[in-house]
Amino acid sequence: MSLNDDLAAAERCLDELCRTVGRLERQLDGGLDVRRVRTDADHLRESVALLRAAAAAPPPRRPELVPIPDTPYDSSLWTDSDDEGLGARDRHAP
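Asker: Is there a simple way to think about the overall build of the protein chain in this case?
Answerer: Helix and strand counts for the protein chain come out as two helices and zero strands. Here the protein chain holds 94 residues, and 9% of them are scored as buried. Long-range contacts, defined as pairs at least 24 residues apart, comprise 51% of the intrachain contacts of the protein chain with a sequence gap of at least 6. Surface summary for the protein chain: the accessible area is close to 8500 Å², and the carbon and sulfur share equals 57%.

In structure tokens:
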């Protein structure tokens with residue numbers, strides 16, 4: 001089955017669920033538990049609609065990869081920078 005077929009099948013099942021919940025509401029006089037089931041069924045319907053919209057949208061464009069060379073950077077880029085607390089200029093961090 002294709003994605004659209006699966007989404008259509010889910011929508012048909014939700015339609016049947018909503019009809020059945022409607023019958024239960026009439027039989028049980030709309031108690032709290034039935035209203036909760038109605039709300040859950042409505043949320044499921046909204047979720048399937050979101051899935052259908054996401055399936056129809058074009059796939060997100062992947063960002064272009066930027067290659068980073070393995071060659072060392074030019075040390076003159078850091079001639080006037082601070083060592084950020086690592087000590088004197090010719091010393092290394094512990």
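Read on, since the account is not over.
Asker: I keep staring at the packing of helix α1 (residues 3-28) against helix α2 (residues 32-56) and nothing clicks. Help me out?
Answerer: Two quantities define a packed helix pair, namely the angle between the axes and the distance from one axis to the other. Where α1 contacts α2, the axes come no closer than 10 Å and their chain directions differ by 165°. With respect to each other, α1 and α2 are oriented roughly antiparallel. Every pair of crossing elements has a handedness; the one defined by α1 and α2 is left-handed. Looking at the contact of α1 with α2, its residues break down into 17 nonpolar, two polar and six charged.

Asker: Before we go on, may I ask you to explain the pattern of salt bridges in this structure?
Answerer: If the charged atoms of two oppositely charged side chains come close together, the side chains can form a pair. A full pass over the atoms with the stated rule returns six salt bridges. Close ionic contact of Arg52 with Glu11 constitutes a salt bridge, the shortest N to O distance being 3.0 Å. Placement of the pair is Arg52 in helix α2 and Glu11 in helix α1, with a sequence separation of 41 residues. The exposure class assigned to Arg52 is partly exposed, which follows from its relative accessible area of 27%. A salt bridge links Arg45 to Asp15; the nearest nitrogen and oxygen atoms lie 2.9 Å apart. Remark: Asp15 occurs in helix α1 and Arg45 occurs in helix α2; sequence separation between them is 30 residues.

Asker: What am I meant to see in α1 here?
Answerer: Along an α-helix, residues three or four apart share an orientation, since each turn contains 3.6 residues. In this model, α1 (26 residues) spans 37 Å end to end at C-alpha, consistent with the 38 Å of a helix rising 1.5 Å per residue. Where α1 is concerned, the buried positions are Leu7, Leu14, Cys18, Val21 and Gly22. Contact partners of the buried residues in α1: α2. The positive-phi residue at the C-terminal boundary of α1 is Asp29, with phi of around 60°.

Definitions and limits used
- Residues numbered from 1 in each chain as written.
- Predicted model: local features only at pLDDT ≥ 70, side-chain atom pairs only at ≥ 80, totals over all residues.
- Heavy atoms only, no water.
- Helix = DSSP H or I, 4+ residues; strand = E, 2+ residues; numbered from the N terminus.
- Buried < 20%, exposed > 50% of the residue type's maximum accessible area, 1.4 Å probe, protein only.
- Contact = heavy atoms within 4.5 Å.
- Areas by Shrake-Rupley, 256 points an atom, 1.4 Å probe, with all protein chains shown as cover.
- Axes fitted to C-alpha atoms, helices over the stretch in contact; angles between N-to-C directions.
- Parallel < 35°, antiparallel > 145°, perpendicular 65-115°, else oblique.
- Left-handed = near helix turned anticlockwise from the far one by under 90°.
- Nonpolar A, V, L, I, M, F, W, Y, C, P; charged D, E, K, R; others polar.
- Salt bridge = Lys/Arg side-chain N within 4 Å of Asp/Glu carboxyl O.
- Expected span 1.5 Å × (residues − 1).

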